[in-house]
Amino acid sequence: MHSKKNVLLTTSREPTDKIRTFCNDLARSIPNVIRVNRGKLSLDEVMEKALELQADRIVFVDRCKEGFGIIRFFQVGTSGLTLFPLVINIASVRLRREFEAKTKPIKSIAVTAPLSGNSSTAEKLAQSLSEFFEIPVVGQDIVSNFSATMRISSSALNRLQITFVLLPTLIEIGPRINISKIVWDE
């Protein structure tokens, strides 16, 4: 069994304060994610930094004019960066500090997607996030082995959302990501 590699998390060149905070929240919510300030680093320098930190995957959170931002996923290989076939356009984010629960960084996490009325898009998103972050997709009945869950569900506006929930208390700790669009770049 190979040891888990890290995931480097960074931003576009000029992130907003909210995007910086969001990245810090993600790094605290997903094990093996290391947050790195991008600064003036080129893509090649970001890749070098990833290799230095023993990360074989990179997540970029970019700001965009249409909304909050875009999350792009890359794999680091011998030939450079390869786009992972998932791009998430974010409609809005509720940060960890906006939730009452104060928690330490999460040590173990699983992905869950409710079974009732679950869309194939939600299932595909759960599988993609599981594959990229190397965390299991589990049913609601097996989550007791983990300290938190990354839950894929539908929001009141019938948009997909990703929430982070502490176990066994089922208290939402944030961040909460409301998704406006998912692009599968196969």
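Here's a quick rundown of the structure. What you see is a predicted model, and the numbers here were worked out from it, not measured in a lab. (Residues numbered from 1 in each chain as written. Predicted model: local features only at pLDDT ≥ 70, side-chain atom pairs only at ≥ 80, totals over all residues. Heavy atoms only, no water.)

## Overview of the nonpolar core
Soluble globular proteins: nonpolar side chains tend toward being buried together. Heads up, the rule is: By convention a nonpolar core is built from buried Ala, Val, Leu, Ile, Met, Phe, Trp, Tyr and Cys residues, the set being connected through side-chain atoms within 4.5 Å. The rule is simple: take the accessible area with a 1.4 Å probe, protein chains only, and divide by the maximum for that residue type; under 20% is buried, over 50% is exposed, in between is partly exposed. Only runs of H or I of at least four residues qualify as helices and only runs of E of at least two qualify as strands under DSSP, and these elements are numbered from the N terminus. The contact criterion used throughout is that any non-hydrogen atoms of two residues lie within 4.5 Å.
Grouped together as the largest cluster of nonpolar side chains are 41 residues, with contacts concentrated most on Phe22, Phe73, Leu125, Phe133, Met150, Ile152 and Ile162. For this core, the element with the most residues is helix 3 (residues 120-133), which contributes six residues. Discounting chain neighbours no more than four positions away, the residues touching Phe22 are Val61, Phe68, Ile71, Ile90, Val93, Leu95, Pro175 and Ile177. If you look at the next biggest cluster of nonpolar residues, it comprises ten residues, including Met47, Ala50, Ala55 and Val76.

## Describing unusual backbone geometry
Trans peptide bonds make up most of the peptide bonds, and negative phi angles are found at most residues other than glycine. In this chain, Leu167 is followed by Pro168 through a cis amide linkage whose omega measures 0°. Inspection of the secondary structure assignment puts Pro168 in the loop between strand 8 (160-166) and strand 9 (171-172). With an omega of 0°, the peptide bond running from Gly174 to Pro175 counts as cis. Even without a glycine there, the phi angle at Gln54 is positive, about 55°. Position of Gln54 relative to the elements: it lies in the loop between helix 2 (43-52) and strand 3 (55-62). For Leu170, which is not glycine, the phi dihedral falls at a positive 60°. Relative to the helices and strands, Leu170 resides in the loop between strand 8 and strand 9. Owing to a relative accessible area of 53%, Leu170 belongs among the exposed residues under this scheme.

## Quick look at the packing of aromatic side chains
Which entries qualify depends on this criterion: Stacked, tilted and edge-to-face are the three classes applied to pairs of Phe, Tyr and Trp rings, where Trp contributes its six-membered ring and a pair requires centres within 6.5 Å; stacked means planes under 30 degrees apart, edge-to-face means over 60, and tilted covers the rest. Charges are assigned to positions over rings by a cutoff of 6 Å between ring centre and Lys NZ or Arg CZ, combined with an angular limit of 35 degrees from the ring normal.
With the rule as written, the count across this model stands at five aromatic pairs. Between Phe73 and Phe132, the aromatic rings sit 5.0 Å apart at their centres with planes inclined by 75°, giving edge-to-face as the arrangement. In this pair, Phe73 sits in strand 4 (residues 69-77) while Phe132 sits in helix 3, placing the two residues 59 residues apart along the sequence. Considered together, Phe73 and Phe132 belong to a single accessibility category, that of buried residues. Taken together, the ring pairs in this structure connect Phe73, Phe84, Phe132 and Phe133 into an aromatic cluster. The ring of Phe132 is capped by Arg57, whose NZ or CZ atom sits 5.9 Å from the centre of that ring. Taking NZ or CZ as reference, Arg94 lies 4.0 Å from the ring centre of Phe99, over its face.

## Some thoughts on the side chain of Thr10
To keep it simple, the criterion reads: Polar contact is the term for a pair of N or O atoms within 3.5 Å; when the atoms are in protein, one must be able to donate a hydrogen and the other to accept it, and sequence-neighboring residues count only if both atoms are side-chain atoms.
By secondary structure assignment, the location of Thr10 is in strand 1 (residues 6-11). One polar contact links the side chain of Thr10 to the main-chain carbonyl oxygen of Val36, over a distance of 2.8 Å. Only 3.4 Å separates the side chain of Thr10 from the backbone nitrogen of Arg38, close enough to count as a polar contact. Excluding residues that lie within four positions of it along the chain, Thr10 makes contacts with Cys23, Val36, Asn37, Arg38, Val46, Val59, Phe60 and Val61.

## A closer look at the pairing of strand 10 (residues 176-183)
On a regular strand, each side chain points to the face opposite its neighbour's, so the side chains alternate between the two faces of the sheet. Rules: Here, strands pair whenever DSSP counts at least two bridges between them.
Relative to strand 10, strand 5 (residues 80-94) is paired through seven bridges, and the arrangement is antiparallel. Residue pairing across strands places Asn89 opposite Lys181, the latter belonging to strand 10. Sheet analysis places strand 8 next to strand 10, joined by two bridges and oriented antiparallel. From the neighbouring strand, Ile162 faces strand 10, where its bridge partner is Ile177.

## Here we look at the environment of Leu86
When you line up the elements, Leu86 lands in strand 5. In this structure Leu86 comes out as buried when scored by relative accessible area, which is 0%. Once residues lying within four places of it in the same chain are set aside, the contact partners of Leu86 are Ile71, Arg72, Phe73, Leu125, Ser128, Leu129, Ile182, Val183, Trp184 and Asp185.

## Points about the pairing of strand 5
Bridge count for strand 4 against strand 5 is eight bridges, and the pairing is antiparallel. Residue Gly69 lies in a different strand from strand 5, and its bridge partner there is Ile90. What sits between the antiparallel neighbours strand 4 and strand 5 is a turn of two residues.

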